[in-house]
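So the chains spell out like this:
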Amino acid sequence: MSTATLTPKRSASPSNSLTAGQLPAWTTPVVGAASLAVGFLAAWLLTGEIGLGLGVALSALVFLVVMHVASLTIEGGRRATDRLAKHLVVGMFLLALLPLVSVSLTALTNGINRLDPTFFSTSMRNIVGAGGGAAHAIWGTLIITGVAMAISVPIGLLTAVYLAEYGQGKPLARSITFFVDVMTGIPSIVAGLFAYALFGVLFGIGTVNGMGGAVALSVLMIPVVVRSTEELLRIVPNELREASYALGVPKWKTIMRIVIPTAISGIVAGVILALARIIGETAPLMIAAGFTQSLNTNPTSGAMMTLPVFVYDQYARPGVPREPYWDRAWAGALTLILIVMLLNLVGRLIAKRFAPKTGR
Amino acid sequence: MSKRIEAKNVDIYYSKFKAVEDVNMVIEPRAVTAFIGPSGCGKTTFLRTLNRMHEVIPGAYVDGRIDLDGEDLYGPGVDPVNVRRKVGMVFQRPNPFPTMSIKENVLAGLRLNNKSAGTSEQDEIAEKALRGANLWEEVKNRLDLPGSGLSGGQQQRLCIARAIAMSPEVLLMDEPCSALDPISTLAIEDLIQELKATYTIVIVTHNMQQAARVSDTTAFFNIAGTGQPGKLIEMDSTEKIFSTPTVKATEDYITGRFG
Ligand SMILES: Nc1ncnc2c1ncn2[C@@H]1O[C@H](COP(=O)(O)OP(=O)(O)O)[C@@H](O)[C@H]1O
Ligand SMILES: [Mg+2]
């Protein structure tokens, strides 16, 4: 339902004790355009060429100063500070956006060449030079992260339930929290070495397979899931738990049917974020899941390729000529970015689907 | 359906802090009993011991004996979950489950307790509870919409419907109208009058007129000072308490001289 809002036209009234000077609405775009011109001109005068970075930086500086001075003289100190803060916030936001846009664009322009059906349908088995694809790596990534998720989500979720619902101040809960925090800081390569060593002890030295990779990723994923889920369970109002107990519902069922469903959208979002974080891990997979050029869909035996390792492999160990290898590396990187984007999208949809219904 | 409650020498603690001391009282079935008294005197605390909700708070415990028709609520081996199925509760602030629709809220107790009932039977129970809570006419066309979309007064009546759908023996209400407007308050007071035909009702209220209007018996709690335990000062028919109380403090409180 959209209703047009009508702003009543007010005739200009003479100034009174409540009026204050105000910069007209066109000030920002005009000053912006002028600062760009001045900034780039200054950059050209200084260096003799039109440099993008220096130009933008100088323009921003000119814009900030001019707007501040203009606002200070016409609108007064409080409004000027307000404007300055707003411009700084927007500026920092754009600055933060820069690497993101740059990475996406670079990956897109370089990766699009090889983003063809062959890339998704063939492995690198017996491929030298052009052609080939990342089917083996895509499958490997999907399987390994899938298994890692299957391991981490139940462990992480139940640990969080223990911490938020049962532990409260008990020594066990406090030590778990401590170790979870320590685990959050583990370098990923250590997780890889841990999985490699664990599988070496269990199944013989040198065992490398998809499960090893999944275990390594779980070590990285579990603390993230525990932390985010615990926070979310804690913000579920206690009133809901009490309402449920007062109906004679046992504690475990209150948790399963009232507390977790109330927090589920956030929990799902947290899990997806954790997934997006581990899906790009390279080092632990190189150690624990190994390299291979052929498709292997069995996580319990033999090395398994994954996208990040594929990208590394193609880029760092190209044949001659290098171009087909580098093209494949970019296409692999682009595929990985697309998978992460897709994951985020799915996460949002699920979160929306499960979010507590707020009537009206 | 409705049962008599008898409390003997009840002391209530939050860890080391004794919040309520030595309460002895009888709550009659098919009647409304009101608890009044200044803030912090332990009305909520005592009410919550009647369905063993007190011990949900870490470190909280109860000393003494509370009988429900002669059965000790705190006896060894008594499962608090069973007690709560017999003694329902309505809280100070409406707290419908946000993930559930209106109908699911009403049926929450049944569904979460695995009471198997066919769809038509569930519909019947939901309708009966909502009619019982005077809410049916207002929500019958939007049973599948979220409960959080209702007004505060409607949400509170939804919570009452949720409690009575379990067919409890006793219904405890902790200041059920304190967050509501006068019209919703009247609706709930009317409802309490109807419900007392079937249930034992205990209501905590800060509102003297409300206690006078709805209750048959009134219990006055008081506290000697901060850090002291609350005590039951006197309990009698509402008429007597509001006309000729025997204790000076009660008279001072109900005439508004303190509290
Ligand atoms: N969760 C709690 N933990 C510790 N003390 C509490 C808690 N709830 C209430 N109390 C204390 O118990 C006493 C009685 O409180 P309460 O029963 O809420 O009073 P009333 O409902 O009559 O206003 C107060 O001194 C209060 O501070
Ligand atoms: Mg209270």
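Residues numbered from 1 in each chain as written. Chains lettered and ligands numbered in written order. Predicted model: local features only at pLDDT ≥ 70, side-chain atom pairs only at ≥ 80, totals over all residues. Heavy atoms only, no water.

Engineer: Which residues make up the interface of chain B and chain A, and what values do they have?
Structural biologist: If you look at the interface, chain B gives 31 residues, while chain A gives 22 residues. Regarding the contact of chain B and chain A, the summed buried area is about 2,300 Å², with carbon and sulfur atoms giving 61% of it. Contact with chain A buries area across many residues of chain B, yet Phe97, Thr99 and Leu112 of chain B alone supply 27% of it, more than any other trio. Run the count over chain B and chain A and you get two salt bridges. For Arg93 of chain B, the salt bridge identified is with Glu239 of chain A, shortest N-O distance 2.9 Å. Elements with a contribution of two residues or more to the side of chain B that touches chain A: helix 2 (80–86), strand 6 (87–90), helix 3 (102–112) and helix 6 (152–164) of chain B. For the side of chain B that touches chain A, the per-class residue count stands at 17 nonpolar, nine polar and five charged. (Contact = heavy atoms within 4.5 Å. Buried area = accessible area lost by both parts, 1.4 Å probe. Salt bridge = Lys/Arg side-chain N within 4 Å of Asp/Glu carboxyl O. Helix = DSSP H or I, 4+ residues; strand = E, 2+ residues; numbered from the N terminus. Nonpolar A, V, L, I, M, F, W, Y, C, P; charged D, E, K, R; others polar.)

Engineer: Any chance you could break down the confidence of the model for chain B for me, citing the residues and the numbers?
Structural biologist: Mean pLDDT over chain B works out to 91, with 99% of the residues at or above the 70 mark. In the model output, the complex is listed with pTM 0.82 alongside ipTM 0.90. (pLDDT = per-residue confidence, 0-100.)

Engineer: Requested: an account of the packing of aromatic side chains, with residues and values cited.
Structural biologist: All names here are of chain A. Tallied over the full model, the rule gives ten aromatic pairs over all chains. Each ring, one from Phe119 and one from Phe120, has its centre 5.6 Å from the other, and the planes form 90 degrees; the classification is edge-to-face. According to the relative accessible area criterion, Phe119 is buried, its value standing at 0%. Ring centres of Phe178 and Phe179 lie 5.3 Å apart, and the angle between their planes is 70 degrees; this geometry places the pair in the edge-to-face category. (Phe/Tyr/Trp six-rings, centres within 6.5 Å; stacked < 30°, edge-to-face > 60°. Buried < 20%, exposed > 50% of the residue type's maximum accessible area, 1.4 Å probe, protein only.)

Engineer: Talk me through the sheet that holds strand 5 (residues 71–72) of chain B; I want residue IDs and the actual numbers.
Structural biologist: All names here are of chain B. The strand order across the open sheet built from ten strands is 5-4-1-2-10-9-3-8-7-6, with neighbouring strands paired in mixed fashion. Looking at strand neighbours, the two that pair on one side only are strand 5 and strand 6, the edges of this open sheet. With seven bridges connecting them, strand 1 (residues 5–14) and strand 2 (residues 17–27) associate as antiparallel partners. Its bridge partner lying in strand 2, Ile5 is registered against Ile27. Running over the sheet, helix 7 (residues 182–195) touches strand 3 (32–36), strand 7 (170–174) and strand 8 (200–204) and is turned about 150 degrees from strand 8. (Pairing = 2+ DSSP bridges. Axes fitted to C-alpha atoms, helices over the stretch in contact; angles between N-to-C directions.)

Engineer: Could you give me a rundown of the packing of helix 5 (residues 135–167) of chain A against helix 10 (residues 251–279) of chain A, with the residues and numbers involved?
Structural biologist: All names here are of chain A. With their axes 10 Å apart at the nearest point, helix 5 and helix 10 run at an angle of 140 degrees to one another. Of the possible angle classes, the one that applies to helix 5 and helix 10 is oblique. Between helix 5 and helix 10 lies a crossing of right-handed hand. Note on element contacts: helix 10 touches helix 5 through Lys251, Trp252, Ile255, Val259, Ile260, Ile267, Val271, Leu275, Ile278 and Ile279, opposite Thr141, Thr145, Ala148, Met149, Val153, Leu157, Val161, Glu165 and Tyr166. Residue classes in the contact of helix 5 with helix 10 are distributed as 15 nonpolar, two polar and two charged. (Parallel < 35°, antiparallel > 145°, perpendicular 65-115°, else oblique. Left-handed = near helix turned anticlockwise from the far one by under 90°.)

Engineer: Could you give an account of helix 4 (residues 119–132) of chain B, naming the residues involved and the relevant values?
Structural biologist: Residues and elements named next belong to chain B. For helix 4, spanning 14 residues, the distance from its first C-alpha to its last is 20 Å, which sits close to the expected 20 Å at 1.5 Å a residue. For helix 4, the full list of buried residues reads Gln122, Ala126, Ala129, Leu130 and Gly132. Viewed end-on, helix 4 has its buried residues packed into an arc of 160 degrees, placing them on one side of the element. In helix 4, the exposed residues that point more than 90 degrees away from the buried face are Ser120, Glu124 and Lys128. Once helix 4 finishes, Asn134 follows within two positions and takes phi at roughly 60 degrees, a positive value. (Expected span 1.5 Å × (residues − 1). Arc of directions from axis to C-beta.)

Engineer: Could you give me a rundown of the UniProt feature "domain: ABC transmembrane type-1" (unreviewed entry) in chain A, with the residues and numbers involved?
Structural biologist: Mapped onto this numbering, the UniProt entry annotates "domain: ABC transmembrane type-1" (unreviewed entry) at residues 138–347 of chain A. Annotated as 78% helix and 0% strand, the span residues 138–347 of chain A places its first and last C-alpha atoms 20 Å apart. (UniProt positions renumbered as here; feature names shortened; annotations may be inferred.)

Engineer: Describe the environment of Leu84 of chain A, and please don't skip the residues or the numbers.
Structural biologist: Residue and element names in this part refer to chain A. With respect to the helices, strands and loops of the structure, Leu84 is situated in helix 3 (residues 77–111). Judged by relative accessible area, Leu84 falls into the partly exposed class, the value being 28%. Excluding anything up to four places from it in sequence, Leu84 contacts Leu64 and His68.

Engineer: Provide a residue-level description of the site of ligand 1, including the pertinent values.
Structural biologist: Residues and elements named next belong to chain B. Close contacts around ligand 1 come from Tyr14, Phe17, Ala19, Ser39, Gly40, Cys41, Gly42, Lys43, Thr44, Thr45 and Ile57, and that covers them all. Between ligand 1 and Gly40 there is a distance of 2.7 Å, counted from an oxygen atom to a backbone nitrogen or oxygen. At 3.1 Å, a backbone N or O of Gly42 approaches an oxygen atom of ligand 1. If you list the elements that add at least two residues to the shell around ligand 1, you get strand 2 and helix 1 (43–49). A total of three residues in the shell around ligand 1 trace back to one element, the largest contributor, which is helix 1. When grouped by side-chain class, the residues that make up the shell around ligand 1 number five nonpolar, five polar and one charged. (Near = heavy atom within 4 Å. Polar contact = N/O pair within 3.5 Å; in protein donor to acceptor, adjacent residues only side chain to side chain.)

Engineer: Now, about the packing of helix 3 of chain B against helix 4 of chain B: what can you tell me, with residues and values included?
Structural biologist: All names here are of chain B. Across the interface, helix 3 lies against helix 4 with an axial gap of 9 Å and an inter-helix angle of 115 degrees. By the angle between their axes, helix 3 is roughly perpendicular relative to helix 4. Handedness of the crossing formed by helix 3 with helix 4: right-handed. Facing helix 3, whose interface residues are Lys103, Val106, Leu107, Leu110 and Arg111, helix 4 presents Gln122, Asp123, Ile125, Ala126, Ala129 and Leu130. Looking at side-chain class alone, the contact of helix 3 with helix 4 contains seven nonpolar, one polar and three charged residues.

Engineer: Outline the pattern of salt bridges, listing residues and values.
Structural biologist: Residues and elements named next belong to chain B. Per the stated rule, a full pass over the model turns up 28 salt bridges over all chains. Notably, a salt bridge pairs Asp67 with Arg65, separated by 2.9 Å at the nearest N-O pair. Across the salt bridge formed by Arg131 and Glu137, the nearest N and O atoms sit 3.8 Å from each other. Judged by its relative accessible area of 44%, Arg131 is partly exposed.

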